[in-house]
Structures are given as structure tokens and as C-alpha cells.
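A closer look at the structure
Here is how the chains run, residue by residue.
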Amino acid sequence: MIEMQDVWKEYGNGVAALSGISVRIAQGEFCYVVGPSGAGKSTFIKLMYREEKPTKGQIFVGGFNIERLRERQIPMMRRHIGVVFQDYKLLQPLTVYENVSFALEVIEASRKTIQKRVAEVLELVGLTEKANMLPRELSGGEQQRVGIARALVNKPSVIIADEPTGNLDPDNSWTIMKLFQRVNDRGTTIVMATHNRELVNSVRKRVIAIEQGRIVRDQERGEYGYED
Amino acid sequence: MKIRTVGRHAREGMRNLFRNGWMTFASISAVAVTLFILGGSILLSLNVQNISLNIESQLQINAYVSNVVPVKALPALEKRLAHLSGVRSVRFVSKVQALKQMKQILKSNADIMTGLGNPLPNAFILNAVNPQQTAAVAKEVQSTPGIESVQYGQSFLPKLLTIMNVARDAAVILIGGLLILGMFLISNTIRVTIFTRRREIEIMKLVGATNGFIRGPFFVEGTLMGLVGAAIPSVVLYELYRWIAQTVKLFPPFTLVPYPLVITHVVWVLVACGLFMGVWGSLFSMRRFLRV
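Quantities reported herein were computed from a predicted structural model and do not represent experimental measurements.

Attention now goes to the overall build of chain B. Helix and strand content of chain B: nine helices and four strands. Counting from the amino terminus, helix and strand elements in chain B follow one another as α-α-β-α-β-α-β-α-β-α-α-α-α. Going through the 292 residues of chain B one by one, you find that 26% of them count as buried. Relative to all contacts within chain B whose residues are 6 or more apart in sequence, the contacts with residues 24 or more apart total 86%.

Have a look at this one:
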């Protein structure tokens with residue numbers, strides 16, 4: 001599903017963010033990415049949806065060779081990936097419904113498909129009642145659920161989440177986590193960068209730990225392993 | 001691209017125009033003001049050119065033949081004048097013809113000429129290839145044996161030509177400067193609009209929108225702004241020019257280029273410029289935001 005072969009990433013200022021990462025994540029896996037701030041987690045995540053390009057090495061995501069991708073193929077590849085952010089990235093002037101349907105309109109889905117899919121995912125994240133509200137009328141947890149609904153709406157095979165619970169209290173974090181588990185149960189691969197020790201230690205999944213741009217630990221049903 | 005998508009772009013573009021009301025207003029004003037001045041300059045320079053052409057075509061050199069030159073030597077003299085460099089045409093006016101013309105001009109007072117015989121000389125009327133060189137040609141004609149004197153509007157001609165050249169050059173520089181200024185204004189205002197919508201573009205890219213799809217509404221916006229920005233000065237200039245053409249009575253060579261023809265051309269130029277500015281402005285200024 002996701003494969004990296006000896007991936008290096010150096011930014012323009014000469015800072016090496018990743019130094020020789022090789023990893024394979026199978027279809028349907030649930031995988032945490034942990035590590036101290038500035039260790040390279042975000043770069044690792046951004047490479048997967050081609051927000052950043054590797055300096056060296058090869059990356060495959062769902063059959064796409066990310067490194068060889070042409071400019072015009074990037075949108076096609078992103079339609080197979082759902083991305084969830086710490087700050088939700090919702091459009092403030094649009095309602096919950098519009099924020100989700102936006103992702104389908106943009107890929108020119110039919111009106112029928114849009115109505116059906118948006119209703120489905122809003123029900124999945126439990127926001128059917130709040131479809132006509134604006135993001136600022138929602139709590140942080142609810143906003144993140146809108147973000148997840150948007151990521152799910154075009155049936156991606158992978159969900160990539162960068163600190164999805166970073167701005168949320170423990171209760172809301174648990175709601176989001178349960179949601180991810182349900183999505184994962186349906187066969188969607190989930191890669192989640194997180195600082196949330198409690199989540200990682202209670203819901204045991206594969207843990208990839210990155211420090212100073214290298215994978216220092218990769219264990220099934222692993223622990224968070226840091227004190228912060 | 002699906003028809004529904006085109007509809008969506010049009011709807012979104014329109015909605016964005018209203019959503020960014022002040023920015024839209026600023027952009028349209030910038031286009032309108034620029035194009036108004038551009039249109040005005042074009043009209044002005046067309047008329048200056050028209051007037052100078054009128055005047056230049058009337059710039060002729062009258063070369064009066066000395067009375068001692070026998071009639072049978074006239075064809076040779078004409079040939080010789082025609083071969084001078086810079087001469088476009090030579091026309092002979094005999095003293096008999098000249099007298100006839102004089103009598104026509106004098107009309108009822110023609111009797112004053114009777115008893116004088118024919119005091120008028122034979123003459124050649126010459127035109128220079130380049131009106132700017134009328135003076136030089138006249139000098140050459142003057143030095144041709146058999147020509148007694150030459151007349152070509154010596155006193156007012158150099159000044160007039162200078163004024164016209166300056167006016168023409170100034171118009172060209174003004175137009176060039178305005179176009180650059182206008183584009184700068186537009187791309188700047190649109191860049192600000194796009195900057196406020198960076199987030200929207202970013203999210204569109206992340207959920208897999210193609211660049212073409214993202215450009216769609218901006219394209220519609222730019223086009224509409226350019227068109228409205230061109231329509232305003234077009235209407236104003238049209239009415240203004242018509243009013244001037246009808247109200248101000250002018251005499252040749254100071255006549256206006258006839259208005260229905262020239263104004264239609266100017267309107268097309270303005271619409272084309274408006275479209276170009278709007279489309280270019282919106283697409284160019286969003287280019288770097290598409291590289292996410």
C-alpha cells in the first residue's frame with residue numbers, strides 16, 4: 001500500500017529532515033508515527049501525499065510512484081488519499097455540508113453521488129443534525145469530525161492524519177480515535193502522526209518512531225515510549 | 001469538462017465578485033480608469049494624426065518660373081524638377097490658368113484685373129515625398145535655374161511640424177505607460193483577492209482538484225471584471241466623442257475623424273484590452289498559489 005525505499009529529504013536550507021527511511025505499510029493497517037517534535041514526522045507524512053518531494057529515494061502510495069508523478073497526475077493520486085490536519089482546515093464561510101461536498105464537487109462527481117455520499121459520511125461521523133451549521137458554531141471535536149468526513153467522502157484507500165487530536169481534549173480525542181478505528185475496520189489504511197501517549201498506549205497498534213530523521217523503532221502493538 | 005462544471009465556475013466566479021466586493025470594485029475601477037485614459041489617448045492621437053495628415057497633404061511648394069524662360073523650355077524644366085530628389089509630383093500651372101483661377105476667386109471683383117494684362121507667372125506646384133522635408137526640397141527647387149521664387153509656408157511650417165511630432169510621441173509614451181500602470185494595478189488587486197483565498201485553493205488541491213478546475217472561477221472573475229471595466233469607459237467615451245463631434249464646429253484641416261467608425265474601433269480595442277488585463281491579471285497572479 002505504502003512503501004518508502006531509502007528516502008532522504010533535505011530542505012533548501014540544508015537541514016536534513018529524513019535520512020534514509022525505508023518502510024512498508026500494508027493495506028488495511030493502522031499505524032502510529034511517533035517521535036519528538038522536529039524529528040521528521042511531519043515531513044514523513046507530507047511526503048505521502050506529495051506536499052513535499054523526496055530529495056532521494058522512492059515512494060509508492062496505492063500504486064502511484066510519488067517521485068515520478070507528473071504535475072498533472074498529482075490531483076488523481078490525491079483522490080485516493082484522505083488527509084486530516086491538526087487545525088482541521090475547514091472553509092469558514094461554508095456550512096458543514098458544503099465543506100464535505102466541496103471535496104466531491106472539486107472532482108466533478110455527479111449531483112446524485114454527492115448527495116448520497118455526503119449524507120453517508122455525515123452520519124458516520126455523527127453530524128447529520130449539524131449539516132447546516134458553520135464551522136465556528138461547532139466544538140473543536142466536531143470540527144475535526146467534519147475534517148474526517150471530508151477526508152472520507154471520496155472513499156480513499158488511505159487516511160493520513162497529522163496530529164488529528166493535537167488541539168482536542170481527551171474526550172474528543174477518544175471520539176476521533178473511535179472514528180478512525182471504525183474506518184480502519186472497513187479496510188481503510190490509516191497512518192496517524194501523534195503526540196498522544198494515552199491513545200497510543202491504550203489502543204495498541206503498529207508504532208513507527210522517528211528520531212533525527214531515522215526510524216529508530218517499528219513494532220507491532222507498540223508503546224508510545226516517550227515521556228512528553 | 002462537464003457542462004455542470006462550467007456552470008459551477010460561472011456561479012462561483014460571480015459569487016466571488018460579490019463576496020470580495022471592495023476588491024472587485026477596486027479592480028474594475030483600475031481597469032476602467034486605465035482604459036478610459038487609453039481610449040482617450042487613442043482618440044486624441046488618431047485626431048492629431050488626421051489633422052497632421054490633412055495639413056501635410058496640403059503642404060505644397062509653389063515654384064514661380066522666371067519670365068525670361070521661353071515657353072518651349074518649360075517641359076524640360078518640368079522634367080528637371082521632377083527628377084530632383086524628394087519630389088513626389090510636379091504639376092504645371094500656366095499663367096493663363098492661373099489668371100482664370102484668380103478671376104474665379106475674385107468673382108464679382110474680377111474687373112480689377114482688366115487692363116493689367118496678365119501679371120501672373122507660369123508656375124509649377126510640387127509635393128515632397130516626405131512632407132517633413134518640404135523645406136529642403138523647396139531650397140533645391142529654388143536653386144534650379146529658371147525658377148524665380150518659391151513659396152511653401154516658410155514661416156509656420158517648421159513650428160507646426162514640431163508641435164505635431166511632439167504630440168504624437170507624447171501620446172505613444174502616455175499610452176505605453178498607462179498600459180503598464182494598469183496591469184500592475186490589476187494584478188496587484190487580484191493578488192490580494194487570491195491571497196485571502198489561499199486556504200480555499202490549498203484545500204482544493206489537497207482533495208484532488210486539478211489546476212484547471214481551480215482556475216475556473218478565477219478565470220470567470222477576471223473575464224467579468226475586464227469586460228465591465230471596458231464597458232464603462234466605452235460608453236462614456238462613445239457619448240463624449242459623439243457630443244464633441246456634433247457640438248463643436250471645426251474647419252478643415254482641423255476636422256475630427258468621423259465618429260461612428262473610429263469609436264467602434266476604439267471600443268473593440270478597449271474590450272480586447274479589458275479582457276486581456278482581467279484574464280491575464282487573474283491567471284498570472286494565481287500561478288504561484290497553484291504550486292502546492
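Text resumes after the structure shown.
With that settled, consider the nonpolar core. Counting 71 residues, the largest nonpolar core has Val33(A), Val100(A), Ala149(A), Ile160(A) and Val191(A) as the members making the most contacts within it. Broken down by element, the residue count for this core peaks at six residues, all from helix H3 (residues 96–105) of chain A. Counting residues in each nonpolar core, the second largest holds 17 residues, with Ile28(B), Ala30(B), Ala32(B) and Tyr241(B) among its members.

A word on the interface of chain B and chain A. The interface of chain B with chain A comprises 14 residues on the first partner and 14 residues on the second. Of all the secondary-structure elements, those providing two or more residues to the side of chain B that touches chain A are helix H1 (3–19) and helix H7 (198–206) of chain B. Among the elements that line the side of chain B that touches chain A, the one with the most residues is H7(B), at five residues.

Here we come to the environment of His9(B). Residues and elements named next belong to chain B. Within the fold, His9 resides in helix H1. Distance in space between the C-alpha atoms of His9 and Ile214 is 8.9 Å, their sequence separation being 205 residues. Leaving out residues up to four positions away in the same chain, His9 has contacts with Gly216, Pro217 and Val220.

Residues and elements named next belong to chain B. The contact between helix H8 (residues 211–247) and helix H9 (residues 259–286) brings their axes to 7 Å, and the two run at 155°. Here H8 is positioned roughly antiparallel relative to H9, judged by the angle of their axes. Here H8 and H9 pass one another in a crossing that is right-handed. Residue composition of the contact of H8 with H9, by class: 22 nonpolar, nine polar and three charged.

Turning our attention to the pairing of strand S1 (residues 2–10) of chain A. Residue and element names in this part refer to chain A. As paired elements, S1 and strand S4 (residues 56–61) share five bridges and run antiparallel to each other. From the neighbouring strand, Trp8 faces S4, where its bridge partner is Lys56. Pairing geometry for S1 and strand S2 (residues 16–25), over seven bridges, is antiparallel. Across the sheet, residue Trp8 finds its bridge partner in S2, namely Ser19.

A few words on the confidence of the model for chain A. Close reading of the predicted structure is inappropriate where its pLDDT is low. Averaged over all residues, the pLDDT of chain A is 92; the fraction at 70 or higher stands at 100%. Per-element confidence in chain A ranges from a low mean pLDDT of 90 for strand S5 (residues 64–65) of chain A to a high of 96 for strand S8 (residues 189–193) of chain A.

Turning to the sheet that holds S4(A), a few remarks are in order. Strand order in the open sheet formed by four strands is S2-S1-S4-S5 (chain A), and the pairing between neighbours is antiparallel. Each having just a single partner strand, S2 and S5 of chain A make up the two edges of the open sheet.

Moving on, we get to the sheet that holds strand S3 (residues 123–128) of chain B. Residues and elements named next belong to chain B. Reading across from one edge, S2-S3-S1-S4 is the order of the four strands in this open sheet, with antiparallel pairing throughout. For this open sheet the edge positions go to strand S2 (87–93) and strand S4 (147–151), each flanked by a neighbour on one side alone. Sheet twist, expressed as the average angle between the axes of neighbouring strands with direction ignored, equals 25°. Here six bridges tie S2 to S3, and the two strands are oriented antiparallel to one another. Along S3, the bridge assignment pairs Phe92 with Phe124.

What follows deals with H8(B). Over its 37 residues, H8(B) extends 53 Å from the first C-alpha to the last, a length consistent with the 54 Å expected when each residue adds 1.5 Å. Approximately 30° is the largest bend angle found in H8(B), and it occurs at Pro217(B).

Residues and elements named next belong to chain A. With respect to the helices and strands, the residue Met192 is situated in strand S8. You can call Met192 buried: it has 26 C-beta atoms within 10 Å. Setting aside its immediate chain neighbours within four residues, Met192 contacts Tyr32, Val33, Ala161, Pro164 and Phe180.

All names here are of chain A. Remark: H3 packs on helix H5 (residues 140–152), axes separated minimally by 8 Å, with the N-to-C direction vectors making an angle of 25°. Taken together, the axes of H3 and H5 lie roughly parallel to each other. Between H3 and H5 lies a crossing of right-handed hand. In this structure, H3 contributes Val96, Asn99, Val100 and Ala103 to the contact, and H5 contributes Val146, Ala149 and Arg150.

Backbone phi values are negative for most residues with the exception of glycine, while trans is the configuration of most peptide bonds. All names here are of chain A. The backbone phi angle of Glu108 is positive, close to 60°, even though this residue is not glycine. Looking at the secondary structure, you find Glu108 in the loop between H3 and helix H4 (111–124). On the neighbour-count criterion, Glu108 (14 C-beta atoms within 10 Å) is partly exposed. Positive phi is not limited to glycine here, since Lys155 has a value of about 50°. Mapped onto the secondary structure, Lys155 falls in the loop between H5 and strand S7 (158–162).

Next up on the list: the confidence of the model for chain B. Residues and elements named next belong to chain B. Confidence along chain B averages 80 in pLDDT terms, with 91% of residues attaining 70 or more. For chain B, per-element mean pLDDT is lowest for helix H6 (residues 157–196), which scores 74, and highest for H8, which scores 87. Predicted as a complex, the structure gets a pTM of 0.69 and an ipTM equal to 0.85.

Parameters and conventions
Residues numbered from 1 in each chain as written. Chains lettered and ligands numbered in written order. Predicted model: local features only at pLDDT ≥ 70, side-chain atom pairs only at ≥ 80, totals over all residues. Helix = DSSP H or I, 4+ residues; strand = E, 2+ residues; numbered from the N terminus. Buried ≥ 20, exposed ≤ 12 C-beta atoms within 10 Å, placed from the backbone. Contact = placed C-beta atoms within 7 Å. Core = buried A, V, L, I, M, F, W, Y, C linked by C-beta atoms within 7 Å. Axes fitted to C-alpha atoms, helices over the stretch in contact; angles between N-to-C directions. Parallel < 35°, antiparallel > 145°, perpendicular 65-115°, else oblique. Left-handed = near helix turned anticlockwise from the far one by under 90°. Nonpolar A, V, L, I, M, F, W, Y, C, P; charged D, E, K, R; others polar. Pairing = 2+ DSSP bridges. pLDDT = per-residue confidence, 0-100. Expected span 1.5 Å × (residues − 1). Bend = angle between axes of the 7 residues up to and from the residue.

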